[in-house]
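Here is what each chain is made of, one letter per residue.
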Amino acid sequence: MKNQTKEKKAYQAVIFDLDGTLLNTLEDLKDSVNYALRMYHKKERSLEEVRNFVGNGVEKLVQRALMPDQDEKTFTEVFAVFKAYYEEHCNDKTCLYPGIAELLTSLQKKGIKTAIVSNKMQEGVDVLYHLYFEKYLKVAIGASEGIRKKPAPDTAREALRLLQVSEKDALYVGDSDVDIATARNAGMDCVSVTWGFRTVEELQAAGAAAMINRPEELLALIETSGKETEMEREMETAAPVKWLSKFQENREITVSVPGSKSITNRALLLAALSQGTCHLKGVLFSDDSRGFLDCLIKLGFNIEINEKKKEVIIEGTGGRIPDRKASINVRSAGTAARFLTVMLAMAGGDYELTASPQMCKRPMEPLLSLLEACGVTFEFHGEEGHFPFALHSDGIHQKEVRIDTKISSQFASALLMCAAMKEDGLTVILEGDRSEGAYIKMTLAMMRQFGIEVEREGRKCIVSGNASFGVPVYEIEPDVSGACYFYAMAPLLKTSVIVNGVHENSIQGDIAFLSVLSKIGCKMEDTEKGICVDGRLLSAYPGQTLSMKDFSDQTMTMAAIAPFAASETRICDIEHIRYQESDRMKAIITELNRMGVSCEEIPEEKGILIRPVSEDGIRETEVETYEDHRMAMAFSLIGLKTGKIGIRNPGCCRKTFENYFELIEELQENNHAGSAEQ
C-alpha cells in the first residue's frame, strides 16, 4: 500500500450548480424583489445590483436589497411578499443559458453522469427539474432536513452517492465563490463559469482554479481530463514519499532549528542597502536565501559566504546597485521577488528578472501596477503582471505611495525598506486588512535596528531618506515558524519541547502560535535555553475558534493538530493563504478529507472548519505537498501521531528547512530523552 502511485482518471460525472450556471433566473429574481420593495415604498434595485446580491439564498438576497434598512419586522414582511410573488412568477423569464441544452445532450451521449445541486429547498428543485432537466439527467438535490445548504458539502456528496461516483472522479461546475468552497469541501475539482452571477475578478479572488466562458469549453476540458502530460508523468515517477512512523509519547525533546527565513531575507536586503560592511550571523541557508544571495552577487555586491558557520558578510553600497544592467533569477522566493523588484525600481537601471514556474504563478500585479504608476516600465515575457519580465527605471520620485496589503504584506515591506534609498524619503500608506500584520511590524522593527528613521501614524509610515544607515553585526533569530512544528508535538504527542534560542521577545509573528498551545492546556516557560512547551499532562485538548490572520504560516500546523482535538476547530481570516506557495486553503481541505478528516471551507469567516476524528479514523494516505514546504512539515505531524501518513516530495522543505526530516529521524531514533541539533 505504501508504494501506491496515483492513477489519473477521466471524469465520470459532472455536478452542476443550478441558478447562474444552468439557469438564468436573474430577471425573475429582480422582478420579484422589486415588486416586494415597491409594496413597502423601498428603493427598487437594478439588474446589476441584484446580480451582486445573489449567491447565498433568497433570504440573503432580500436582506441585501433592503440595506440599509435592517429591522427584522420589515425584512419578514418584505420577504413574505417576495416569496409569494416569486413562487408564482419564477418561470416568467427564467431560461436555460445558451448552449446548456447542447452541453447536457453531449454529456449524456458520452456516458458521463450528471446531477444538479442547489441551495433551493428540494420542492423548488423538483419543480425546475421537471420543467427543464428531466430528459437530460436523473439526480437533482436541494436543501432538506439532514442536508445542509452550500458551501457545506452535503448536496454534492448526496449527488455523488446517488450517481455512485467518487469525488475524485467527478467535476463540480458552478458560478460563484460559494460553489468553489462547496467543491473544496466535497474534495472535488471545480470549474467556474463566467456567464453567471459573479465577475471574473470575483471568481479569481475566491480562488477559482479554472474558468470557462462558454458551455462547449467544458466538453473540451472533460475530453482531455484523463490525458496525463509528460510533465505530470515525470512528477509522478520522480516524487519520493517519506513515510512517518508513530512517535513515542511522553518524551522530552530539545531541538535546534535554522535561522528565520523572514529575518534572513530582510537582513540581506538591508545590509546590501546600508553604508559599510555588515556581518550577518545565524543566517538561514535554504533555496530561498541562496536564491536571494545569488541575485545580490549578480547585481555586483561584494559578499563573503560561510555556510558552515551560518554567516554572511556584505559590503553595503548606500543604496546604489553596482551593476545596473544585470539579469537575476529569484527562483521560488517570494521575499526576493518582491524586495528586489522594488529595490531595482528605486535605484534605476535596466534589468531582466526571471523566476521558477511556481513563483511565476504567484501574484505580483498590485506591486507592479504601483511601480508603473511611478514611472517604471515592464516588458512581460509571459503572463502580464507576473514573472518573468524586463524592468526599466529612472528611479522613483514620488513622495507618497499607497499599497494594499490584502494579497501579500511583502509588497508593503519591500516599499518600506527600499524607501530609505530615496534621499528625500517616502511616505507609505498601508491599505487593506493586514496593515497591522506581524510581518509589517517585523519589517519596521528591523529597519529601526539597522538605524533607519521611520515613524508610524496609523496607516501612514514615514521613512526618512538616509543612505548612511547600517550596523556592523546583526544576529538572526532562530526560525519560529520552523520551531512551531516541534512545539505542536507537545499537545499532539504529549511531549515536552524546547527549541534552542527561541524566546518570548522574538520579533517574529508566529510566536503567537505558542499562545494557542498555552490556551489549549500546555504549560509554558521561557528558560535560558529557549521556550519550553510541555503537553505531557494533557489527557485531551479542546478545539479552538481563532483568527490566524497575523500568524497564518501556522495554519497548516493548526490544521494538523485540530483533527485530534476534543471538539471542532474553526480557523478564520486566512483567505490570503490561497496566494502563497500553493492554494493553501484548498490543499488543507483536500488532504485532510483524503485521509478521513472532515474539513470544509467557511467563506463567511474566510476560513476552514475541521471536525475531530479518532486516530483509528485516519486512513493511510500519501499527502500531496503541492511543492509547498509548510504542507510537508505540518502534515508530517499527523504521520508522527498515527504512523499512517506518507509525505510526497519531502524535498520541498529545502525552501526554508532543508534538513527537517533528518531532524525528525534523529528524534525517532532516540527512544528516550530526545535531542536533535541543526
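Residues numbered from 1 in each chain as written. Predicted model: local features only at pLDDT ≥ 70, side-chain atom pairs only at ≥ 80, totals over all residues. Heavy atoms only, no water.

### Describing the overall build of the protein
Item 1. Helix and strand content of the protein: 25 helices and 32 strands.
Item 2. With the C-alpha coordinates aligned to their principal axes, the bounding extent of the protein is approximately 80 × 60 × 55 Å.
Item 3. Put simply, the protein has 678 residues, and 57% of those count as buried.
Item 4. Considering only contacts within the protein whose residues lie at least 6 apart along the sequence, 72% involve residues at least 24 apart.
Item 5. Taking the 80 positively charged and 102 negatively charged side chains of the protein as two groups, their mean positions are separated by 2 Å. (Helix = DSSP H or I, 4+ residues; strand = E, 2+ residues; numbered from the N terminus. Buried < 20%, exposed > 50% of the residue type's maximum accessible area, 1.4 Å probe, protein only. Contact = heavy atoms within 4.5 Å. Lys, Arg positive; Asp, Glu negative; His and termini not counted. Charge placed at Lys NZ, Arg CZ, Asp CG, Glu CD.)

### Details of the pairing of strand S21 (residues 460–463)
Item 1. Taking every second residue as pointing to the same face, the buried face of S21 carries Cys 461 and Val 463, while none of Lys 460 and Ile 462 on the other face is buried.
Item 2. By the bridge criterion, four bridges tie strand S19 (residues 426–431) to S21 in an arrangement that is antiparallel. Each bridged residue has a counterpart across the sheet, and for Thr 427 the counterpart in S21 is Ile 462.
Item 3. Across four bridges, the pairing between strand S20 (residues 454–457) and S21 is antiparallel. (Pairing = 2+ DSSP bridges.)

### Regarding the sheet that holds S21
Item 1. Here we have four strands laid out as an open sheet, ordered S18-S19-S21-S20, and mixed in their pairing. If you trace the sheet from one side to the other, it starts and ends with strand S18 (400–404) and S20, each paired once. Geometrically, the sheet is characterised by an average inter-axis angle of 20° between neighbouring strands, direction not taken into account.
Item 2. Running at roughly 160° to S18, helix H17 (residues 410–418) makes contact with S18, S19 and S21 of the sheet. (Axes fitted to C-alpha atoms, helices over the stretch in contact; angles between N-to-C directions.)

### Here's the deal with helix H16 (residues 365–373)
Item 1. Buried within H16 are the following residues: Leu 367, Leu 368, Leu 370 and Leu 371. For H16, the angular spread of the buried residues around the axis is 160°, confining them to a single face. (Arc of directions from axis to C-beta.)

### Thoughts on the nonpolar core
Item 1. In this structure, Leu 280, Leu 296, Met 343, Phe 387, Phe 450 and Tyr 474 are the most contacted members of the largest nonpolar core, which totals 83 residues.
Item 2. Ranked by the residues each element gives to this core, the list is headed by helix H14 (residues 334–347), at 10 residues.
Item 3. Every residue in contact with Tyr 474, bar those within four places of it in the chain, is listed here: Ile 263, Ala 267, Cys 278, His 279, Leu 280, Lys 281, Met 446, Gln 449, Phe 450 and Ile 507.
Item 4. Residues Val 499, Leu 546, Phe 657 and Leu 663 belong to the second largest nonpolar core, which totals 74 residues. (Core = buried A, V, L, I, M, F, W, Y, C linked by side-chain atoms within 4.5 Å.)

### Remarks on the confidence of the model for the protein
Item 1. With 93% of its residues at a pLDDT of 70 or more, the protein has an overall mean of 88.
Item 2. Overall, residues 227–238 carries pLDDT values under 50, and its contacts beyond four positions in sequence, including any with other chains, amount to nine contacts. (pLDDT = per-residue confidence, 0-100.)

### Here we look at unusual backbone geometry
Glycine aside, a negative phi is what most residues show, and trans is what most peptide bonds show.
Item 1. The peptide bond linking Lys 150 to Pro 151 adopts the cis configuration, its omega dihedral lying at 15°.
Item 2. In this structure, the amide linkage connecting Phe 387 to the following residue, Pro 388, adopts the cis form with an omega of -5°.
Item 3. On the secondary structure map, Pro 388 appears in the loop between strand S16 (377–380) and strand S17 (389–393).
Item 4. Positive phi, normally seen in glycine, also occurs at Asn 250, with a value near 55°.
Item 5. Looking at the element boundaries, Asn 250 is found in the loop between strand S9 (241–243) and strand S10 (252–255).
Item 6. Exposure remark for Asn 250: the relative accessible area of 51% places this residue in the exposed category.

### Concerning the packing of aromatic side chains
Item 1. Inspection of the entire model under this criterion finds 14 aromatic pairs.
Item 2. Relative to Phe 380, the ring of Phe 378 lies with its centre 6.0 Å away and its plane at 20°, an arrangement referred to as stacked.
Item 3. Overall, Phe 378 belongs to the buried group, its relative accessible area being 11%.
Item 4. Seen from their ring centres, Phe 378 and Phe 389 are 5.3 Å apart, and the 90° between their planes marks the pair as edge-to-face. (Phe/Tyr/Trp six-rings, centres within 6.5 Å; stacked < 30°, edge-to-face > 60°.)

### Some details on a negative patch on the surface
Item 1. Judged by side-chain charge, Glu 365, Glu 372, Glu 383 and Glu 384 come together as a negatively charged surface patch.
Item 2. Residue position: Glu 365 is located in helix H16. (Patch = residues over 30% accessible without salt bridge, like charges linked within 9 Å, V, L, I, M, F, W, Y side chains within 5 Å. Areas by Shrake-Rupley, 256 points an atom, 1.4 Å probe, with all protein chains shown as cover. Salt bridge = Lys/Arg side-chain N within 4 Å of Asp/Glu carboxyl O.)

### A look at the side chain of Gln 122
Item 1. As for its position among the elements, Gln 122 is in helix H6 (residues 122–133).
Item 2. The class of Gln 122 is buried, set by a relative accessible area of 18%.
Item 3. Here the side chain of Gln 122 touches Ala 140 through a polar contact of 3.0 Å, landing on its backbone oxygen.
Item 4. A distance of 2.8 Å separates a polar side-chain atom of Gln 122 from the backbone nitrogen of Gly 142. (Polar contact = N/O pair within 3.5 Å; in protein donor to acceptor, adjacent residues only side chain to side chain.)

### A word on the environment of Pro 650
Item 1. Checked against the element boundaries, Pro 650 lands in the loop between strand S31 (645–648) and helix H25 (660–669).
Item 2. As for Pro 650 and Trp 243, which are separated by 407 residues in sequence, their C-alpha atoms are 9.7 Å apart.
Item 3. Aside from chain neighbours lying at most four places away, what touches Pro 650 is Pro 240, Lys 242 and Phe 661.

### Quick notes on the sheet that holds strand S27 (residues 569–572)
Item 1. Strand order in the open sheet made by the four strands is S26-S27-S29-S28, with mixed pairing throughout. A strand with exactly one partner marks an edge of an open sheet, and here the two such strands are strand S26 (545–547) and strand S28 (599–602). Each neighbouring strand pair of the sheet contributes to a mean axis angle of 20°, computed without reference to strand direction.
Item 2. Bridge analysis of S27 against strand S29 (residues 607–610) gives three bridges, and the strand direction is antiparallel.

### Digging into the packing of helix H5 (residues 100–109) against helix H10 (residues 215–223)
Item 1. The interhelical angle for the contact between H5 and H10, taken along N-to-C directions, is 25°, at an axis separation of 8 Å. With respect to each other, H5 and H10 are oriented roughly parallel. For the pair formed by H5 and H10, the contact residues are Ile 100, Leu 103, Ser 106 and Leu 107 on the first element and Pro 215, Leu 218, Leu 219 and Ile 222 on the second.
Item 2. Across the contact of H5 with H10, the residue classes break down as seven nonpolar, one polar and no charged. (Parallel < 35°, antiparallel > 145°, perpendicular 65-115°, else oblique. Nonpolar A, V, L, I, M, F, W, Y, C, P; charged D, E, K, R; others polar.)

### Quick notes on the environment of Lys 135
Item 1. As for its placement among the helices and strands, Lys 135 is situated in the loop between H6 and strand S5 (139–143).
Item 2. Separated by 27 residues in sequence, Lys 135 and Gln 108 have C-alpha atoms that sit 9.7 Å apart.

### Brief notes about the side chain of Arg 338
Item 1. By secondary structure assignment, the location of Arg 338 is in helix H14.
Item 2. Glu 581 provides the closest opposite charge to the buried, unpaired Arg 338, separated from it by 8.0 Å.
Item 3. What Arg 338 contacts, discounting residues up to four positions off in sequence, is Met 359, Arg 362, Pro 363, Met 364, Leu 367, Ser 408, Gln 410, Phe 411 and Ala 414.

### Some points on helix H1 (residues 26–39)
Item 1. When the terminal C-alpha atoms of H1 are compared, their 20 Å separation across 14 residues agrees well with the 20 Å that a helix rising 1.5 Å per residue should span.
Item 2. Within the span of H1, buried status applies to Leu 26, Asp 28, Leu 29, Lys 30, Ser 32, Val 33, Asn 34, Ala 36 and Leu 37.
Item 3. Immediately beyond the C-terminal end of H1, within one or two residues, lies His 41, with a positive phi of roughly 60°. (Expected span 1.5 Å × (residues − 1).)

### Quick look at the environment of Ala 559
Item 1. Positionally, Ala 559 belongs in helix H22 (residues 555–561).
Item 2. Looking at Ala 559, the relative accessible area reads 0%, which means it is buried.
Item 3. Expressed as a C-alpha distance, the spacing of Ala 559 and Gly 207, which sit 352 residues apart in the sequence, is 19 Å.
Item 4. The contacts of Ala 559, once residues within four sequence positions are left out, are Ile 571, Ile 588, Leu 592 and Ile 610.

### What about the pattern of salt bridges?
Item 1. One pass over the structure, following the stated rule, counts 41 salt bridges.
Item 2. Measuring nitrogen to oxygen at the nearest pair gives 3.0 Å for the salt bridge that ties Glu 307 to Arg 290. Separated by 17 residues along the polypeptide, Glu 307 in the loop between strand S12 (303–306) and strand S13 (311–317) and Arg 290 in helix H13 (residues 287–298) bring together distant segments of the chain.
Item 3. Arg 290 sits in the partly exposed class, given a relative accessible area of 23%.
Item 4. Of the charged contacts, one joins Arg 630 and Asp 553 as a salt bridge, the two residues approaching to 3.6 Å between their closest N and O atoms. In this pair, Arg 630 is assigned in helix H24 (residues 629–642) and Asp 553 in the loop between S26 and H22, connecting sequence segments 77 residues apart.

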